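Structural characterization, general
Below, each chain spelled out in residue letters.
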Amino acid sequence: MESTKDSGEPLWIAGVDEAGRGPLCGEVFAAAVILDPEVEISGLADSKKLTEKRRTALALEIKAKAKAWAIASSSVEEIDSLNILQATLLAMRRAVEGLAIQPDLLRVDGNQDPKSVIPATCIIKGDALFAEISAASILAKDARDQSMYEADQNYPQYGFAKHKGYGTKAHLEALNEYGATPLHRSSFAPVRKVLEKFSQ
């Protein structure tokens, strides 16, 4: 809350960020967070610079202390039909729409406006500059990681718990050996290549 409206009411700013654009499988997640200006959450930072243990602890603290927060996702089917960018923006809009308080402004990490009904400012590396974007980054990344742990339970041979769906050597080797799961994004080249191989 950086200023007030003409009415004297608070101006609510929501940070928005995503997680999971790059991996070969799973949903893409987004989060929106409106922080409470009177409640401090120490240690907020770009989620990629935090240990997983610290991220999980901060995610719980954000959920307990934020004025409002929401997490949303786009499915693998939506990623494959829309493309990963459009599916990511859709997840962002869903997260914003899920907030219990309607924000007056969005601060979005990166350079892509999600085209929400709320005015947005896009900020490159915003997750390192604004606490509300850092908080959204942490929630989105934590939710994405949890989804990969669930995937690992269902498909233990792929190593999802370790590589979180990214195209590591171990993941690509598992893909080539076992084929693609329903969680894999068929529109991504390494997956498409494996699907073609197994269809022959």
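Going by an unreviewed UniProt entry, the protein chain carries the name Ribonuclease HII and comes from Ignatzschineria ureiclastica. Per UniProt, the protein chain has the following entry under Catalytic activity (unreviewed entry): "Endonucleolytic cleavage to 5'-phosphomonoester." You can read under Function (unreviewed entry) in the UniProt record for the protein chain the words "Endonuclease that specifically degrades the RNA of RNA-DNA hybrids."

Counting secondary structure elements, the protein chain contains seven helices and five strands. In the protein chain, the succession of α and β elements from N to C terminus is β-β-α-β-α-α-β-β-α-α-α-α. Relative to a compact globule of 200 residues, whose C-alpha radius of gyration would be 16 Å, the protein chain shows 18 Å and is just as compact. Overall, the C-alpha framework of the protein chain stretches about 65 × 30 × 25 Å when taken along its three principal axes. Buried residues in the protein chain amount to 46% of all 200 residues. A separation of at least 24 residues holds for 59% of the contacts in the protein chain among residues at least 6 apart in sequence. Surface exposure of the protein chain reaches about 10,000 Å², of which carbon and sulfur atoms provide 50%. Charge separation in the protein chain, taken as the distance between the mean sites of 24 positive and 28 negative side-chain charges, equals 6 Å.

Spatially, the five strands line up as an open sheet ordered β3-β2-β1-β4-β5, and their pairing is mixed. What marks the edges here is a single partner per strand, and that holds for β3 (68-74) and β5 (120-123). Within this sheet the neighbouring strands show an average axis-to-axis angle of 20°, counted without direction. With five bridges connecting them, strand β1 (residues 13-19) and strand β2 (residues 28-34) associate as antiparallel partners. From the neighbouring strand, valine 16 faces β2, where its bridge partner is alanine 32.

Let us now look at the layout of surface pockets. Here the largest pocket is characterised by a volume of approximately 290 Å³. Contributions of two or more residues to the lining of the largest pocket are made by β1 and α4 (131-154). Counted by class, the lining of the largest pocket contains four nonpolar, five polar and 10 charged residues.

Here is what the cut-offs are and how they apply
Residues numbered from 1 in each chain as written. Predicted model: local features only at pLDDT ≥ 70, side-chain atom pairs only at ≥ 80, totals over all residues. Heavy atoms only, no water. UniProt positions renumbered as here; feature names shortened; annotations may be inferred. Helix = DSSP H or I, 4+ residues; strand = E, 2+ residues; numbered from the N terminus. Rg over C-alpha atoms; globule rule 2.2 N^0.38 Å. Buried < 20%, exposed > 50% of the residue type's maximum accessible area, 1.4 Å probe, protein only. Contact = heavy atoms within 4.5 Å. Areas by Shrake-Rupley, 256 points an atom, 1.4 Å probe, with all protein chains shown as cover. Lys, Arg positive; Asp, Glu negative; His and termini not counted. Charge placed at Lys NZ, Arg CZ, Asp CG, Glu CD. Pairing = 2+ DSSP bridges. Axes fitted to C-alpha atoms, helices over the stretch in contact; angles between N-to-C directions. 1 Å grid on protein atoms, 1.4 Å probe; cavity = no way out; pocket = protein on both sides within 12 Å on 5 of 7 lines; lining within 4 Å. Points joined across faces, edges and corners; volume = space filled by probe spheres on them. Nonpolar A, V, L, I, M, F, W, Y, C, P; charged D, E, K, R; others polar.

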